[in-house]
Amino acid sequence: MAASNSTLLDARAVDRTLRRMADEILEKNDGTDDLVIVGIQRRGVQLAARIVSSISEREGVKIPSGALDITLYRDDLQTVGPRPVVGPTDIPIDIEGKVVVIVDDVLYTGRTIRAALDELADFGRPRRIALAVLIDRGGRELPIQPDVVGKVVSVPAGHRVDVFVKELDDKDAVILAPKEQAP
Amino acid sequence: MTLSLGKDLLSLEALSREQIQLVLDTAEPLKEISERAIKKVPTLRGATIANLFFEASTRTRVSFEFAEKRMSADAVNVAASGSSVSKGETLVDTARNLEAMRIDMVVIRHGSSGAAAFLADRIQSNVINAGDGTHEHPTQGLLDLLTLRDRFKKLDGLKVCICGDVLHSRVARSNIWGLTKMGAEVAVCGPRSLLPNAIESMGVTVFDRIEAAIEWADALNILRLQLERMQAGYIPSLREYNRVFGVTRERLDRAPKDVLILHPGPMNRGVEIDSDVADGPHSVILDQVTNGVAIRMAVLYLLSGGKASLADAAKSGGADS
């Protein structure tokens, strides 16, 4: 019998956490100059958009943002089987010399971020790249660390963290769920 | 449920509506790669691809080559002239030799219908049909579908007329299969001598007058009239063909609505299509070329997961995050 789900962040907590992350990004960058926010497909893109609008409320500046789909840079594509679906990538401005903040929902093995760093390098050479994640659940397989974290979570064996965003899932929430259960 | 294309891409006849949709949906985000500073993704690093072109081709060969390079595959080109093929080597021996050099995929253009399928049955590598005789040219069909979908945002219910030498055209066949599977209405228009017998059985309407076709259609896909057809007696003369079936500005101007113009190239300006139509505001002929690279990248990507020799042994596990 599977254990029941537990809510790590509800909608209001997600909102609060993203606002705090936006503030931290501004603080670390000393304002909005040269700042570019890039969300990783899929839910990182929606989280990035929230951070962008939070920054624009606070600073009155609309900072440029984009979306990155890392599928074609995955390190497990040598395996045989149906290919994962490729989503849209959209980097609307030249990132050369900019400060790029990558936004993702859950940081786990670090392999997605490795792929994202490689992909960004094909668009230009930013002055600095930082990483902001809503959830850091540990379990890194690569030497990668976040600069801005919403919440650190320790995940019991056989469990996973699901992030829901209202644009795609009709609700905002972060839920700890047993693995075998479909989201 | 994850959909795949299997090991080979041989025809659109063999694909389901869902598989065609998968290729189009995969090609869409790949277009952006050709706009980057570095026009290359590492997806097919380490994969080797042989482009076997037994028939002359510039556009298709170059398009496949760009697609392969942008996906980081290593490609070799083998043309019939100047290779052991001209010394009498059989198709299957050529392919087996390439496979002995650990080729992962073969792209083949051949004058005989069924050549790609013949090869696919005999080698473990993925085989992509880049045109076989008068049978099919599936990647051309797919890029035509993508170009139409870009413009009309749908294929269901779209009215497309394929004009010209349908009888000898693998492009026509791939388009008819692809369009009908995607729910479009298909017609053909050309001299009866250049339309296959019983073409209606493929579910298409026949127009004998180009004016009627233009009036009916949302888009025309105008085929190249091969000049040899005149010598073979299919048509009386090129001038006559242009007078009766040529797509001209005057004819388009009389249509009740704008008609999108496609042509797989190379064009005979002043024969099947007039210059002011080919270069006109409703021509998407160059979009077809751009889309061709994205479609071929998508096909390479999707087939790269379907290697027959490894399919049973390997698991298709993926990373979580």
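No experiment lies behind these values; they were computed from the predicted model shown.

Conventions used here
Residues numbered from 1 in each chain as written. Chains lettered and ligands numbered in written order. Predicted model: local features only at pLDDT ≥ 70, side-chain atom pairs only at ≥ 80, totals over all residues. Heavy atoms only, no water. Helix = DSSP H or I, 4+ residues; strand = E, 2+ residues; numbered from the N terminus. Expected span 1.5 Å × (residues − 1). Buried < 20%, exposed > 50% of the residue type's maximum accessible area, 1.4 Å probe, protein only. Pairing = 2+ DSSP bridges. Axes fitted to C-alpha atoms, helices over the stretch in contact; angles between N-to-C directions. Contact = heavy atoms within 4.5 Å. Buried area = accessible area lost by both parts, 1.4 Å probe. Salt bridge = Lys/Arg side-chain N within 4 Å of Asp/Glu carboxyl O. Polar contact = N/O pair within 3.5 Å; in protein donor to acceptor, adjacent residues only side chain to side chain. Left-handed = near helix turned anticlockwise from the far one by under 90°. Nonpolar A, V, L, I, M, F, W, Y, C, P; charged D, E, K, R; others polar. Phe/Tyr/Trp six-rings, centres within 6.5 Å; stacked < 30°, edge-to-face > 60°. Lys NZ or Arg CZ within 6 Å of the ring centre and 35° of its normal.

Chemist: Any chance you could break down helix α5 (residues 138-152) of chain B for me, citing the residues and the numbers?
Modeler: Residues and elements named next belong to chain B. End to end, α5 covers 21 Å across 15 residues, agreeing with the expected 21 Å (1.5 Å per residue, within 8%). The element α5 is extensively covered by neighbouring structure, given that 12 of its 15 residues are classed as buried. Residues Pro138, Thr139, Gln140, Gly141, Leu142, Leu143, Asp144, Leu145, Leu146, Thr147, Leu148 and Arg149 constitute the buried set of α5. After α5 finishes, the residue lysine 153 shows a positive phi value of roughly 65°.

Chemist: Break down the sheet that holds strand β1 (residues 6-9) of chain A for me, citing the residues and quoting the values.
Modeler: All names here are of chain A. Strand order in this open sheet of 3 strands is β1-β8-β7, and the pairing throughout is antiparallel. Either end of the sheet is taken by a strand with one partner, and the two such strands are β1 and β7 (159-164). Each adjacent strand pair in this sheet contributes to an overall mean axis angle of 30°, direction not counted. Note: β7 against strand β8 (residues 173-178), 6 bridges, orientation antiparallel. Paired with aspartate 162 across the two strands is isoleucine 175, which belongs to β8. Here helix α1 (residues 11-29) sits on the sheet in contact with β1 and β8, set at roughly 25° to β1.

Chemist: Go over the interface of chain B and chain A with me, naming the residues and quoting the values.
Modeler: With 32 residues of chain B at the contact, the number on the chain A side is 26 residues. When the two sides are added together, the surface that chain B and chain A hide from each other amounts to roughly 2300 Å², 59% of it contributed by carbon and sulfur. Seen at the junction of chain B and chain A, the total is 1 salt bridge. In this structure, the connection of chain B to chain A is made through 5 residue pairs in polar contact (both at pLDDT 80 or more). Counting only elements with at least two residues in the side of chain B that touches chain A, the list comes to α1 (17-30), α12 (285-303) and α13 (308-311) of chain B.

Chemist: Describe in detail the pattern of salt bridges, supporting the description with residues and values.
Modeler: Residues and elements named next belong to chain B. This structure, assessed with the given rule, holds 34 salt bridges over all chains. Among the ionic pairs, aspartate 150 bridges to lysine 31, the shortest N-O distance being 2.7 Å. Here lysine 31 lies in the loop between α1 and β1 (48-53) and aspartate 150 lies in helix α5, a separation of 119 residues in the sequence. In this structure aspartate 150 comes out as partly exposed when scored by relative accessible area, which is 21%. Where aspartate 218 meets lysine 257, a salt bridge forms, and the shortest distance between an N and an O atom there is 4.0 Å. With a gap of 39 residues between them, aspartate 218 in the loop between α7 (210-216) and β8 (219-222) and lysine 257 in the loop between α10 (249-253) and β9 (260-262) connect regions that are remote in the sequence. Under the relative-accessibility criterion, aspartate 218 is labelled buried at 16%. In the salt-bridge network here, residues are joined through shared partners; they are Asp25, Glu28, Lys31, Arg149 and Asp150.

Chemist: If you had to explain the packing of α1(B) against α12(B) to someone new, which residues and values would you point to?
Modeler: Residue and element names in this part refer to chain B. Two numbers describe how α1 lies on α12: the axes approach to 8 Å, and their chain directions differ by 115°. Where α1 crosses over α12, the handedness of that crossing is right-handed. Every residue of α12 that contacts α1 at Leu22, Val23, Leu24, Thr26, Ala27 and Leu30 is listed here: Ala294, Ile295, Met297, Ala298, Val299, Tyr301 and Leu302. The class makeup of the residues in the contact of α1 with α12 is 12 nonpolar, 1 polar and no charged.

Chemist: How would you summarise the packing of aromatic side chains if you had to cite specific residues and measurements?
Modeler: Tallied over the full model, the rule gives 2 aromatic pairs over all chains. Seen from their ring centres, B:Phe207 and B:Trp216 are 5.5 Å apart, and the 50° between their planes marks the pair as tilted. For the pair formed by B:Phe207 and B:Trp216, the shared burial category is buried. Above the plane of the ring of A:Phe164 lies A:Lys171, whose end atom (NZ or CZ) is 4.3 Å from the centre. Geometry around B:Phe64 places B:Arg296 over its ring, the cationic atom sitting 5.0 Å from the centre.

Chemist: Give a description of the side chain of B:Ser169 that names residues and reports values.
Modeler: All names here are of chain B. Its location among the elements puts serine 169 in the loop between β5 (159-163) and α6 (170-181). Judged by relative accessible area, serine 169 falls into the buried class, the value being 8%. Only 3.2 Å separates the side chain of serine 169 from the backbone nitrogen of valine 171, close enough to count as a polar contact. At a separation of 2.9 Å, a polar atom in the side chain of serine 169 contacts the main-chain amide nitrogen of alanine 172. Not counting the four nearest positions on each side in its chain, serine 169 is found in contact with Thr134 and Leu223.

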